[in-house]
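Residues per chain, in single letters:
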Amino acid sequence: MEVHNVELVMSAVDPKQYPKTGQPEIALVGRSNVGKSSLTNVLINRNSYARTSSQPGKTQTLNFYHVEDALYFVDVPGYGYAKVSRSEREKWGQMIETYLIARETLKGVVSLVDGRHAPTADDQTMYTWLSYYDIPTLIVATKMDKIPGAKWNKQLSLVKKTLQIQSQDDLLPFSAQTKAGKQEVWQWIEQHAFG
Ligand code: GTP
Ligand code: MG
């Protein structure tokens, strides 16, 4: 999809605040600082629409981006940030679970992992959880510009094996810097949002 029009509809904590249009939603999840906002910006052709930061753990609400009046990207606060207090973490968990399990318009989740390393225990927990609830999930291995092309396959195999990803179609390499993988990620999203 070639995006021309995006609007941040709202930052929601409470389900009552979620959009009511009934249009499909695609959520982006992943560790704090993994690159969710950066991926969002690439997909919507903006440099800094979704706020990226060097301060992890900044995004604390569900941010709904209305794209081309057709679907929503939902930027979910990152997990695994050590400096967040336990009570905050529990609040986070509640909000995310409520959203991911109960949201009828949620058509898929894009789950980001750092392509340079093996997925973390938190990444594994998240993927197992999404699989358990049968939520269609695309794993995006990001920051791939930081590893040489010759090592891509090896890294992708490591991600696939660690997370036990069943289908090759559900794992894609990506770089917000070079925009590699942008079309493929969009294809997965369109297929799941409208397919
Ligand atoms: P939270 O909102 O805190 O959960 O973080 P986030 O997942 O939204 O990460 P964000 O997009 O803010 O990116 C974090 C840092 O990683 C920023 O400094 C980005 O510039 C950098 N970054 C993100 N994606 C890439 C990438 O593909 N390549 C490189 N080289 N850097 C990236
Ligand atoms: Mg962010």
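Calculation rules
- Residues numbered from 1 in each chain as written.
- Chains lettered and ligands numbered in written order.
- Predicted model: local features only at pLDDT ≥ 70, side-chain atom pairs only at ≥ 80, totals over all residues.
- Helix = DSSP H or I, 4+ residues; strand = E, 2+ residues; numbered from the N terminus.
- Buried ≥ 20, exposed ≤ 12 C-beta atoms within 10 Å, placed from the backbone.
- Contact = placed C-beta atoms within 7 Å.
- Core = buried A, V, L, I, M, F, W, Y, C linked by C-beta atoms within 7 Å.
- Pairing = 2+ DSSP bridges.
- Axes fitted to C-alpha atoms, helices over the stretch in contact; angles between N-to-C directions.
- Right-handed = clockwise from strand over helix to strand, strands pointing away.

Brief notes about the overall build of the protein
No. 1: Helix and strand counts for the protein stand at five helices and seven strands.
No. 2: Starting at the N terminus, the α and β elements of the protein follow one another as β-β-α-β-β-α-β-α-β-α-β-α.
No. 3: In terms of overall dimensions, the protein has a C-alpha envelope of 45 × 40 × 35 Å along the principal axes.
No. 4: In the protein, which comprises 195 residues, the share counted as buried stands at 35%.
No. 5: For the protein, the share of sequence-separated contacts (at least 6 apart) that also reach a separation of at least 24 residues comes to 74%.

Some thoughts on the nonpolar core
One recurring pattern in soluble globular proteins: nonpolar side chains tend to sit buried together.
No. 1: Ranked by size, the top nonpolar core spans 40 residues in total, and within it Leu-28, Val-74 and Val-140 carry the most contacts.
No. 2: Per-element tally for this core: the top contributor is strand S5 (residues 106-114), with five residues.
No. 3: Filtering out sequence-adjacent residues up to four positions away, Val-140 remains in contact with Leu-39, Val-110, Leu-112, Leu-172, Phe-174 and Val-185.

Digging into the sheet that holds strand S7 (residues 171-173)
By way of backbone hydrogen bonds, the strands of a sheet pair with one another, either parallel or antiparallel.
No. 1: Strand order in the open sheet formed by seven strands is S1-S3-S4-S2-S5-S6-S7, and the pairing between neighbours is mixed. In the strand order of this sheet, the two ends are held by strand S1 (6-12) and S7, each with one partner. Averaged over all pairs of adjacent strands, the angle between their axes in this sheet comes to 25°, without regard to strand direction.
No. 2: In this sheet, strand S6 (residues 137-142) lies alongside S5 in parallel orientation, the contact comprising six bridges. Directly across from Val-109, in S6, lies its bridge partner Thr-137.
No. 3: Strands strand S2 (25-30), S5 and S6 of the sheet are contacted by helix H3 (residues 121-132), whose axis makes an angle of about 160° with S5.

Considerations on unusual backbone geometry
No. 1: The backbone of Asn-45 shows a phi angle near 60°, a positive value even though the residue is not glycine.
No. 2: Structurally, Asn-45 is set in the loop between helix H1 (36-43) and strand S3 (62-67).
No. 3: Owing to 13 C-beta atoms within 10 Å, Asn-45 belongs among the partly exposed residues under this scheme.
No. 4: Even without being glycine, Lys-143 reaches a positive phi, approximately 60°.
No. 5: Here Lys-143 lies in the loop between S6 and helix H4 (152-163).
No. 6: Classification of Lys-143 as buried rests on a count of 20 C-beta atoms within 10 Å.

Section: the pairing of S6
No. 1: Counting buried residues along S6, six of its six residues qualify, which places the element largely inside the surrounding structure.
No. 2: Side chains Thr-137, Ile-139 and Ala-141 of S6 all project onto a buried face; the interleaved residues Leu-138, Val-140 and Thr-142 project onto the opposite face, where all are buried too.
No. 3: Regarding the hand of the β-α-β motif, the stretch spanning S5, H3 and S6 is right-handed.
No. 4: Bridging between S6 and S7 involves three bridges; their strand directions are parallel.

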